[in-house]
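# Structure assessment
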Amino acid sequence: MMSGKHYKGQEVSCCIKYFIFGFNIIFWLLGVAFLGIGLWAWSEKGVLSNISSITDLGGFDPVWLFLVVGGVMFILGFAGCIGALRENTLLLKFFSVFLGIIFFLELTAGVLAFVFKDWIKDQLNFFINNNIRAYRDDIDLQNLIDFTQEYWECCGAFGADDWNLNIYFNCTDSNPSREKCGVPFSCCTKDPAEDVINTQCGYDVRAKTDAEQKAYIHVKGCVPQFEKWLQDNLTIVAGIFIGVALLQVRTPSSSLLTLSAFCYFILFLSLYFLQIFGICLAQNLVSDIEAVRASW
């Protein structure tokens, strides 16, 4: 005769299982979207019909960012989503290890950036100048450079004269371009009263004296501005992470902790938390699955 009591063995946590599934299916869909945008951009530029043209661009193609980031998100999302749904410990372990490697690489990159600052500066200078040469060769690269110069209020790697490297903007007598001795509009100082961007504001500006140029364009280079951004923001973030930052942190410009720095701190903290949280949840689910299987 049955007593009516049932033995309740180990169970896989449905809460953890479907939380990982739901989170990763969103992550996976975002990865698909990034890959789709990247492939669409290459299709519009004719790269997919002529694969050999991938190497033709002298500078950096921003589409690679979408493809690489989208690929990583797709792989992670797929492993986490299917691993949780099918209770596949191999995929869940892969998800945890892959996420752990990314976390480790982020920390390593941050440390190396502080240790080898001069080398980073040289590489950034080389990267910017190389892309200045290819400014008109690719619309995506052009938009990336314009965004960078507008965001950091800079011009060239170390100054406006770096645009001599571009065949359309150099000041040589043999240059027939109307943009000769000029700079892109993204170098120009913005007039708040202007509703429409003047794309010709940089024409002939480098033919003027250095003092006159300051009235029309940003004369600081993007490498020094990037260094200043690091000092103003990432130094504060690093200080908070190691627990020694005070409420009033003075940067080289003697400013207090800015809203921008606080936003970067929240962003980085959120990213690190999500990565660690994801690893812990996946490992917890793996333990539950193995415990259930062991009780069979």
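Structural notes, computed from the coordinates. (Residues numbered from 1 in each chain as written. Predicted model: local features only at pLDDT ≥ 70, side-chain atom pairs only at ≥ 80, totals over all residues. Heavy atoms only, no water.)

## Points about helix α1 (residues 14–44)
The terminal C-alpha atoms of α1, which comprises 31 residues, lie 44 Å apart, in line with the 45 Å expected from a rise of 1.5 Å per residue. Taken as a whole, α1 has its buried residues at I16, K17, I20, N24, G31, G38, A41 and W42. (Helix = DSSP H or I, 4+ residues; strand = E, 2+ residues; numbered from the N terminus. Expected span 1.5 Å × (residues − 1). Buried < 20%, exposed > 50% of the residue type's maximum accessible area, 1.4 Å probe, protein only.)

## So, a nonpolar patch on the surface
Residues F19, F23, F273, L274 and F277 make up a contiguous nonpolar surface patch of roughly 480 Å² in combined accessible area. Of all the secondary structure elements, the ones that give two or more residues to the nonpolar patch are α1 and α8 (259–294). If you tally residues by element for the nonpolar patch, the top one is α8, at 3 residues. Residue placement: F277 occurs in helix α8. (Patch = residues over 30% accessible without salt bridge, like charges linked within 9 Å, V, L, I, M, F, W, Y side chains within 5 Å. Areas by Shrake-Rupley, 256 points an atom, 1.4 Å probe, with all protein chains shown as cover. Salt bridge = Lys/Arg side-chain N within 4 Å of Asp/Glu carboxyl O.)

## Comments concerning the side chain of Q142
Position of Q142 among the secondary structure elements: in helix α5 (residues 139–152). Filtering out sequence-adjacent residues up to four positions away, Q142 remains in contact with Y135 and R136. (Contact = heavy atoms within 4.5 Å.)

## Let's talk about the nonpolar core
Ranked by internal contacts, the top residues of the largest apolar core, which has 19 residues, are I128, C155, W163, V183, C187 and I217. Listed in part, the 10 residues of the second largest apolar core include I16, I20, L92 and V286. (Core = buried A, V, L, I, M, F, W, Y, C linked by side-chain atoms within 4.5 Å.)

## Considering the pattern of salt bridges
One pass over the full model with this rule turns up 7 salt bridges. K17 is the salt-bridge partner of E87, the closest N and O atoms lying 3.1 Å from each other. Of this pair, E87 sits in the loop between α2 (63–85) and α3 (89–115) while K17 sits in helix α1, and the two are 70 residues apart along the sequence.

## A look at α3
Across its 27 residues, α3 extends 38 Å between first and last C-alpha, which sits within 8% of the 39 Å expected from 1.5 Å per residue. Among all positions in α3, only T89, L92, F95, S96, F98, L99, I102 and F103 are buried.

## A look at the packing of aromatic side chains
What the rule picks out here adds up to 12 aromatic pairs. Seen from their ring centres, Y135 and F169 are 6.0 Å apart, and the 65° between their planes marks the pair as edge-to-face. With Y135 in the loop between α4 (117–133) and α5 and F169 in the loop between α5 and α6 (210–213), this pair connects stretches of sequence that are 34 residues apart. Here the two residues Y135 and F169 agree in accessibility, since each one is buried. Members of the aromatic cluster, joined through ring pairs, are F147, Y151, W152 and F226. (Phe/Tyr/Trp six-rings, centres within 6.5 Å; stacked < 30°, edge-to-face > 60°.)

## Structural notes on the environment of C280
Summarising the element assignment, C280 is placed in helix α8. Classification of C280 by relative accessible area gives partly exposed; the value is 47%. Sequence separation of C280 and S96 is 184 residues, and the distance between their C-alpha atoms is 8.1 Å.

## Remarks on the state of the cysteines
All told, the structure shown has 4 disulfides when counted by the stated rule. Two residues share a disulfide in this structure: C171 and C181, whose sulfurs sit 1.9 Å from each other. Across the disulfide from C171 to C181, rotation about the S-S bond amounts to roughly 115°, and the bridge is consequently right-handed. Pair noted here: C171 is in the loop between α5 and α6 and C181 is in the loop between α5 and α6, with a separation of 10 residues, a long-range link. A residue is classified by how much of its surface remains accessible, and C181, at 12% relative accessible area, is buried. A disulfide bridge connects C188 with C201, and the sulfur atoms are separated by 2.1 Å. Residues C188 and C201 share a disulfide whose torsion about the S-S bond is about 105°; that sign makes it right-handed. Here C201 lies in the loop between α5 and α6 and C188 lies in the loop between α5 and α6, a separation of 13 residues in the sequence. (Disulfide = S-S within 2.5 Å.)

Structural measurements only, silent on function.
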